[in-house]
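# Close look at the chain arrangement
Chain by chain, the residues run as shown.
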Amino acid sequence: MVAEPEQKQLLHLVFGGELSSLEGVTFKDLAKLDVVGVFPNYASAHTAWKAKAQATVDQAQTRYFIVHLHRLLDPET
C-alpha cells in the first residue's frame, strides 16, 4: 500500500452572530456569538459557513464569517 501524502493543515474558524448595524461588523452581544468551529481547510469551513448563512437568511442582521487562522499563525505563508 502506498501512503497518501499528508495535506498541509490550513485552519479556518467559522463564527457569527447578530450585528449592531448592517453598516459594520460590530456584534450586538458578544456573549451570544455563535462559534461554529475550527476546520482543517477552506472547503470544509465554507460548507459550514454556507449552512449557517442559509439557516439565518431571514435574520437580516445575522452574519457569519470565515477567518483564515493559518494566516494569523504563520503570516509568511
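Because the structure is predicted, anything quoted here is derived from the model rather than measured.

Turning our eyes to something else, we now look at the overall build of the chain. Of regular secondary structure, the chain possesses 2 helices and 3 strands. For the chain, the sequential pattern of α-helices and β-strands runs β-β-α-β-α. Relative to the compact-globule value of 11 Å for 77 residues, the chain shows a C-alpha radius of gyration of 15 Å, a clear excess of over 25%. Viewed in the frame of its principal axes, the chain has a C-alpha envelope of about 55 × 30 × 20 Å.

So, on to the pairing of strand 1 (residues 12-18). Taken across its 7 residues, strand 1 has 6 buried, putting it largely inside the fold. With 5 bridges joining them, strand 1 and strand 2 (residues 34-39) adopt antiparallel strand pairing. Residue pairing across strands places Gly-16 opposite Asp-34, the latter belonging to strand 2. Relative to strand 3 (residues 62-68), strand 1 runs antiparallel, the two sharing 7 bridges. Each bridged residue has a counterpart across the sheet, and for Phe-15 the counterpart in strand 3 is Phe-65.

Bringing the environment of Glu-23 into the picture now. By the secondary structure assignment, Glu-23 is in the loop between strand 1 and strand 2. On a C-alpha basis, the gap between Glu-23 and Trp-49 in space is 21 Å, while along the polypeptide they are 26 residues apart.

With that settled, the discussion passes to the environment of Lys-52. Note on placement: Lys-52 falls in helix 1 (residues 42-55). Residue classification places Lys-52 among the partly exposed positions, given a relative accessible area of 29%. Each C-alpha atom, one on Lys-52 and one on Leu-30, is 18 Å from the other, the two residues being 22 residues apart in sequence. Not counting the four nearest positions on each side in its chain, Lys-52 is found in contact with Asp-34, Val-36 and Tyr-64.

It is worth spelling out the pattern of salt bridges at this point. The final tally for this structure, using the stated rule, is 2 salt bridges. Of the charged contacts in the structure, one is a salt bridge between Lys-28 and Glu-18, with a shortest N-O distance of 3.4 Å. Note that Lys-28 is positioned in the loop between strand 1 and strand 2 and Glu-18 in strand 1, a separation of 10 residues in sequence. Judged by relative accessible area, Lys-28 falls into the exposed class, the value being 56%. Judged by relative accessible area, which is 38%, Glu-18 ranks as partly exposed. For Lys-52, the salt bridge identified is with Asp-34, shortest N-O distance 3.2 Å. Here Lys-52 is found in helix 1, whereas its partner Asp-34 is found in strand 2, with 18 residues between them in sequence.

Parameters and conventions
Residues numbered from 1 in each chain as written. Predicted model: local features only at pLDDT ≥ 70, side-chain atom pairs only at ≥ 80, totals over all residues. Heavy atoms only, no water. Helix = DSSP H or I, 4+ residues; strand = E, 2+ residues; numbered from the N terminus. Rg over C-alpha atoms; globule rule 2.2 N^0.38 Å. Buried < 20%, exposed > 50% of the residue type's maximum accessible area, 1.4 Å probe, protein only. Pairing = 2+ DSSP bridges. Contact = heavy atoms within 4.5 Å. Salt bridge = Lys/Arg side-chain N within 4 Å of Asp/Glu carboxyl O.

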